[in-house]
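# Working through the structure, step by step
The lines below spell out each chain.
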Amino acid sequence: MPSDANPVPSHSLLERRLNDALPQTQCTRCGYPDCHAYATAMAIEGAPINQCPPGGAEGISRLAALTGRPIIPLNPVNGVEGPRRLAVIDENWCIGCTLCIKACPVDCIVGASKVMHTVIEDQCTGCELCIPACPVDCISLREVTPGATGWQAWSAQHAASARARYEFRAARLARDKQDQEARLAAKAAAKLEDLAAHSGIQDPAALAHKQSVVQAALARARAQRPEGAPRGAPNDESEHEPRPD
């Protein structure tokens, strides 16, 4: 039984401490979508502490100290501890498809559609997520810390910077999605105001039925949106509108 002088941290506090102890590469090799999700799983669901290859053995020791669990070897299913590596794009083969840009969790790849892309080396976490996204296999990895692995090849400054960029990217994508939903909602509202002109339906009964169907779809869409988020609407044009990235 822990003493009052050394209480067990609450789940929320433990979750924050565990997230702070992770390298923030956002590589998903732990089996979770990002470092924060892995920290949550360890704090609340009891997920194993040995699933982070970038953190390596030292990372497991840090997580063990926070959770009070025994130190165990890195699970080979999740990968192996290794040196820090950077993604490098072969400019001769890059076709400017932007898929690697969309896959990068820390926004360290710059470029535009049909224009050659490049990696900002001092921001790359070596997550490797851009490699399978590339359709022409023009991305490779270069070791930059030979002989140093895990936290010996990483630093608290690297982790803090990567985390800030990841969180900024997530906020930007959420904002872009809300903006797009707001635009689609405005289009849906405009069409509802003059449904006859937009649908070509002239029969009053058929028009009323169509209006009720559209209104029901809008209601379902609103019910699925988080509280306070812009109210979007299902719309065939949503798949064809360009998605900001």
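Above: the structure in question.
These notes cover the structure that comes with them. (Residues numbered from 1 in each chain as written. Predicted model: local features only at pLDDT ≥ 70, side-chain atom pairs only at ≥ 80, totals over all residues. Heavy atoms only, no water.)

Here the focus is helix α2 (residues 35-45). Within α2, the full set of buried residues consists of C35, Y38, A39, T40, A41, M42 and A43. Elements in contact with the buried residues of α2: α1 (11-21) and α3 (56-67). Where α2 begins, one side-chain oxygen reaches toward the backbone nitrogen of H36, 3.3 Å away; that side chain belongs to D34. (Buried < 20%, exposed > 50% of the residue type's maximum accessible area, 1.4 Å probe, protein only. Helix = DSSP H or I, 4+ residues; strand = E, 2+ residues; numbered from the N terminus. Contact = heavy atoms within 4.5 Å. Polar contact = N/O pair within 3.5 Å; in protein donor to acceptor, adjacent residues only side chain to side chain.)

Before going further, it helps to spend a moment on the packing of α1 against α2. Where α1 contacts α2, the axes come no closer than 8 Å and their chain directions differ by 135 degrees. Taken together, α1 and α2 sit at an angle that is classed as oblique. The crossing of α1 and α2 is right-handed. Each of H11, L14, E15, L18 and N19 in α1 lies in contact with α2, whose residues at this interface are C35, H36, A39, T40, M42, A43 and I44. Counted by class, the contact of α1 with α2 contains 7 nonpolar, 4 polar and 1 charged residues. (Axes fitted to C-alpha atoms, helices over the stretch in contact; angles between N-to-C directions. Parallel < 35°, antiparallel > 145°, perpendicular 65-115°, else oblique. Left-handed = near helix turned anticlockwise from the far one by under 90°. Nonpolar A, V, L, I, M, F, W, Y, C, P; charged D, E, K, R; others polar.)

In this section: unusual backbone geometry. The backbone of T98 shows a phi angle near 70 degrees, a positive value even though the residue is not glycine. Structurally, T98 is set in the loop between β1 (85-89) and α4 (99-103). Despite not being glycine, D107 shows a phi value in the positive range, around 55 degrees. On the secondary structure map, D107 appears in the loop between α4 and β2 (109-110).

Applying the stated criterion to the full structure yields 1 aromatic pair. One Lys or Arg, R62, reaches over the ring of W151 and ends 4.1 Å from the middle of that ring. (Phe/Tyr/Trp six-rings, centres within 6.5 Å; stacked < 30°, edge-to-face > 60°. Lys NZ or Arg CZ within 6 Å of the ring centre and 35° of its normal.)

With respect to the secondary-structure elements, T40 resides in helix α2. A polar atom in the side chain of T40 sits 2.8 Å from the side chain of E15. In this structure T40 touches E15 and E45, once residues within four positions along its chain are discounted.

Time to look at the pattern of salt bridges. What the rule picks out here adds up to 8 salt bridges. A salt bridge links E58 to R62, with the shortest nitrogen-to-oxygen separation between them at 2.7 Å. Of this pair, E58 and R62 both sit in helix α3, 4 residues apart, roughly one helical turn. A salt bridge links D107 to R172, with the nearest nitrogen and oxygen atoms 2.8 Å apart. Taken together, the positions of D107 in the loop between α4 and β2 and R172 in helix α6 (residues 156-193) put the pair 65 residues apart, joining distant regions of the chain. Residue class for D107 comes out partly exposed when judged on its relative accessible area of 24%. Connected through salt bridges with shared partners, the residues D20, R163 and E167 form a single ionic network. (Salt bridge = Lys/Arg side-chain N within 4 Å of Asp/Glu carboxyl O.)

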